[in-house]
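A structural walkthrough
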Amino acid sequence: MCAIFGIISSYDLKKVKKALDLMIHRGRDFQNIVEFRRGVFGFNRLAIENVNINMQPLKVENRIFVFNGEIYNYKNLIKKYNLNVKTEIEVIAKLWEKFGVDFVKKIEGMFAIAVYDKKLFLFRDEFGKKPLYFTKTGIFASEIKAILPFTGKKLNFNALAEYLAYNSSIAPNTIYQEIYKLPAGCNYEGKIKIWHDFERVENEPCSSGCLKSGHDGKWKKENVCTEVEKLLIKSIKKRLQGDVEIGSLLSGGVDSSLIGAITSKFQKLKTFSVGYDGYDNYDERKYAKIAAKHINSEHFEVNFTKNNFFENFEKTLFYMDEPIADSSFFAARFLAKHIPLKVVLSGEGSDELFLGYRRYKEYEGFLNAYLPNKKWLKKYLERHYEDIKEWEVFRRFFAGVDVFRGINETFFQRQINKVLKIKAKEVDYKRFLKGWGSFDFTYFDLKVWIGEVLLNKLDKMFMSNTIEARSPFLDRDLVNFVFSLEENVRGSEKWIVKEIAQKYLPGKIVNRRKKGFAFPFLEWLKEENELKRIVDINRKSKIFNEEYLKEIIKTGHKRYKQHLWSLYLFSRWYEKEFL
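Cut-offs applied
Residues numbered from 1 in each chain as written. Predicted model: local features only at pLDDT ≥ 70, side-chain atom pairs only at ≥ 80, totals over all residues. Heavy atoms only, no water. Phe/Tyr/Trp six-rings, centres within 6.5 Å; stacked < 30°, edge-to-face > 60°. Helix = DSSP H or I, 4+ residues; strand = E, 2+ residues; numbered from the N terminus. Buried < 20%, exposed > 50% of the residue type's maximum accessible area, 1.4 Å probe, protein only. Lys NZ or Arg CZ within 6 Å of the ring centre and 35° of its normal. pLDDT = per-residue confidence, 0-100. Contact = heavy atoms within 4.5 Å. Salt bridge = Lys/Arg side-chain N within 4 Å of Asp/Glu carboxyl O. Pairing = 2+ DSSP bridges. Axes fitted to C-alpha atoms, helices over the stretch in contact; angles between N-to-C directions. Parallel < 35°, antiparallel > 145°, perpendicular 65-115°, else oblique. Nonpolar A, V, L, I, M, F, W, Y, C, P; charged D, E, K, R; others polar. Polar contact = N/O pair within 3.5 Å; in protein donor to acceptor, adjacent residues only side chain to side chain. Arc of directions from axis to C-beta. Right-handed = clockwise from strand over helix to strand, strands pointing away.

1. With respect to the packing of aromatic side chains
In this structure the tally under the stated criterion is 62 aromatic pairs. Arranged with centres 5.2 Å apart and planes meeting at 35°, the rings of Phe-36 and Tyr-116 form a pair that is tilted. Here Phe-36, found in strand β2 (residues 30–36), pairs with Tyr-116, found in strand β6 (residues 109–116); they are 80 residues apart in sequence, far enough to count as distant. Take Phe-36 and Tyr-116: they sit in the same class, and that class is buried. Here Phe-313 and Trp-565 contribute two aromatic rings whose centre-to-centre distance is 6.4 Å and whose plane-to-plane angle is 70°, an arrangement assigned as edge-to-face. A residue pair is termed long-range when its members are at least 10 positions apart, and Phe-313 in helix α10 (residues 313–320) and Trp-565 in helix α25 (residues 561–578) qualify at 252 residues. Across the pair, exposure class does not vary: Phe-313 and Trp-565 are buried alike. When the ring centre of Phe-150 is taken as reference, the NZ or CZ atom of Lys-15 above it lies at 4.6 Å.

2. Section: the confidence of the model for the protein
For the protein, the average pLDDT comes to 94, and 97% of its residues sit at 70 or higher. Confidence drops under a pLDDT of 50 for residues 207–211, and excluding neighbours within four residues, the segment shows 11 contacts in the predicted structure.

3. Focus on the pattern of salt bridges
Under the counting rule described, the total for this entry stands at 56 salt bridges. Lys-75 is paired through a salt bridge with Glu-49; the nearest N and O atoms lie 3.6 Å apart. One end of the pair, Lys-75, is in helix α2 (residues 74–80); the other, Glu-49, is in the loop between β3 (39–45) and β4 (58–60), and 26 residues separate them in sequence. Notably, a salt bridge pairs Lys-550 with Glu-546, separated by 3.1 Å at the nearest N-O pair. You can see Lys-550 and its partner Glu-546 sitting in helix α24 (residues 546–555), four residues apart, about one turn around the helix.

4. Comments concerning the sheet that holds strand β5 (residues 63–71)
Taken in spatial order, the six strands make up an open sheet running β4-β5-β6-β7-β11-β12, and their pairing is antiparallel. Among the strands making up the open sheet, the edge pair consists of β4 and β12 (192–194). Shown here is a sheet whose adjacent strand axes are inclined to one another by a mean of 20°, direction ignored. Its contacts with the sheet put helix α3 (residues 88–99) on β4, β5, β6 and β7 (120–124), and the angle it makes with β5 is roughly 125°.

5. Description of unusual backbone geometry
Residue Pro-57 is bonded to the preceding Gln-56 through a cis peptide linkage, with omega at -15°. Along the polypeptide, Pro-57 turns up in the loop between β3 and β4. With an omega of 10°, the peptide bond between Ala-171 and Pro-172 qualifies as cis. As for its position among the elements, Pro-172 is in the loop between α5 (157–166) and β10 (180–181). The residue Lys-118 is not glycine, and still its phi comes out positive at about 75°. The residue Lys-118 is located in the loop between β6 and β7 in this model. With a relative accessible area of 74%, Lys-118 lands in the exposed category.

6. Remarks on the side chain of Thr-442
Within the fold, Thr-442 resides in helix α17 (residues 439–463). Once you skip the residues sitting within four places of it in the chain, Thr-442 turns out to touch Glu-352, Leu-353, Leu-355, Phe-483 and Arg-490.

7. Notes on the packing of α10 against helix α11 (residues 328–336)
Running from N to C, α10 and α11 point in directions that differ by 95°, and their axes come no closer than 10 Å. On the basis of their axis angle, the class for α10 and α11 is roughly perpendicular. Judged by residue contacts, Phe-313, Lys-315, Thr-316, Tyr-319 and Met-320 of α10 engage Phe-329, Phe-330 and Arg-333 from α11. Residues of the contact of α10 with α11, tallied by class, amount to five nonpolar, one polar and two charged.

8. A closer look at the side chain of Thr-316
Mapped onto the secondary structure, Thr-316 falls in helix α10. The exposure class of Thr-316 is buried, given its relative accessible area of 1%. A polar side-chain atom of Thr-316 sits 2.8 Å from the main-chain carbonyl oxygen of Asn-312. Residues within four places of Thr-316 in sequence aside, it is in contact with Phe-329, Phe-330, Arg-333 and Met-461.

9. Observations concerning helix α8 (residues 285–295)
Buried within α8 are the following residues: Arg-285, Ala-288, Ala-291, Ala-292 and Ile-295. For α8, the arc enclosing every buried residue in end-on projection is 120°, short of the 170-degree limit, so these residues lie on one face. Every exposed residue of α8 that faces more than 90 degrees away from the buried side is listed here: Lys-286 and Lys-293. Of the surrounding secondary structure, the elements contacted by the buried residues of α8 are α7 (254–263), β14 (270–275), β15 (298–303) and α21 (507–510).

10. Topic: the pairing of β14
Among the six residues in β14, six count as buried, and that is most of the element. The two faces of β14 match: Lys-270, Phe-272 and Val-274 on one face and Thr-271, Ser-273 and Gly-275 on the other face are all buried. In terms of strand pairing, strand β13 (residues 246–249) meets β14 through two bridges, oriented parallel. Bridging across to β14, Leu-249 finds its partner in Phe-272. Crossover connection from β13 via α7 to parallel β14: handedness right-handed. Here β14 pairs with β15 via six bridges, running parallel. Opposite Phe-272, over in β15, you have Phe-300 as the bridge partner. With α8 bridging β14 and its parallel neighbour β15, the resulting β-α-β unit is right-handed.

11. Brief notes about the environment of Phe-30
Position of Phe-30 relative to the elements: it lies in strand β2. Residue Phe-30 is classed as partly exposed on the basis of its relative accessible area of 22%. Spatially, the C-alpha atoms of Phe-30 and Leu-46 are 7.4 Å apart, while their sequence positions differ by 16 residues. Contacts of Phe-30, omitting those with residues within four sequence positions, involve Phe-43, Asn-44, Arg-45, Asn-54 and Gln-56.

12. Here's the deal with the pairing of strand β1 (residues 2–7)
When you tally the buried positions in β1, you get six out of six residues, the bulk of the element. Side chains Cys-2, Ile-4 and Gly-6 of β1 all project onto a buried face; the interleaved residues Ala-3, Phe-5 and Ile-7 project onto the opposite face, where all are buried too. Alignment of β1 against β3, held across six bridges, turns out to be antiparallel. What sits directly across from Phe-5, in β3, is Gly-42. The sheet contact formed by β1 and strand β9 (residues 139–141) spans three bridges and is antiparallel. Residue pairing across strands places Phe-5 opposite Ala-141, the latter belonging to β9.

In structure tokens form, the structure reads like this:
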């Protein structure tokens, strides 16, 4: 896990070194800069695989290669293609020579890759686990902060509208004009192209063997759990490769506990959790201890306090790069500061793949629901407007338009238009809807909630402490298999995961109510009278309509908790970067 940087044009070597030093937290084991006729590539390394071999950036004749990430199948590729090499970057170079841009379809892992071969090529993994930012003038980097000295700062209001809707800008946008992020599963060579997208193909044979029963070739519920378990075990084994010790995050929920339980079958495991003294509604350490005892892990826990939150606020914004309105970034970074390892496993992806959130069940109810007089009801709603999500969801249903627009949708479009003084483009949600029924929920949230928020948290907050986080549920084979299931077999409420977990975990972990990774941020903001900063900062920025801000702040906990966090975080970020 590393930082990569490059410029294809003239450059100042001192500024290149400074850009790399801004990302030194991503890899302190080795730094190197390679100059060539058309530009320069730079690299900071966190050594995990082949720790004593430093070859990046790699120059092969007139080609230059640099990459950040892990290629889980690189040893298999060496055997398959009889490659006389030892390292991941050498495999990438050999495959490029053999397959050109299609090399990326041969590799499996999490990665951001840059290749210079007569022109610049950029590649990002299919989930977007590793970040990659670029400009159209030939600069790329693992983090925005390394590019800003070359571009300056201009606010992107279209990205701000996306942030209000979905807690983050959506690729290819970033919050800055002229700086872009490569979307997951895409490559860039002057324009963005898709090299991989997840497809919904029912009952396709899967790679790990056939457990289907019946002559129709369809999956039966009694077999699907066995197949998912096999795929998850296989995924975890891939992610245990490396020459360093690997630990696991443990919240006490079923997902992280299951990953920890399976991993502990292969190695003695260290597990890590965070909690909040005095806030039992948020603190999951009690359940994490139960899971840790059951799987016999060496367990560590930290307590995150109000003082920790405020003392580390601006530093967390620095590592965040652009505003991302998931409050758990702050607790995650604090936890990462107390982990003495280079690699940890995490449970992201299970809820989205197996519909674990309660709200998915509610949205499912709209898919096949029928009501007469929907147009009349729509007119009634319009005459009785309420500024709440429930009102908007029913308006969409009665209007016959898309009801589901992401599990993390916060400001809906009418609210965005109301809160922003400057009119931004309407947020484009339709590109993430495929017409796949409940599988739209999964596809949409893989692209937006997971791709733009959760994976950014894992990368940015853990890499701020030089730790690589790996997500076994987000495995290409496992996700493809889930997309091949019939809707009634996949079901909802994570029944498949819970059924598997019965073999590994106690019932009080498997059957406990779903709880998000949250902490008492709003209580702390109110206690310290911090919410007034939203209005104070806005009087300088003049971005938002003040009366609506006051309405949101006044109503507070009752209906606008996430709205408040989005506004507060953006305000603090804007103050830091622009005022």
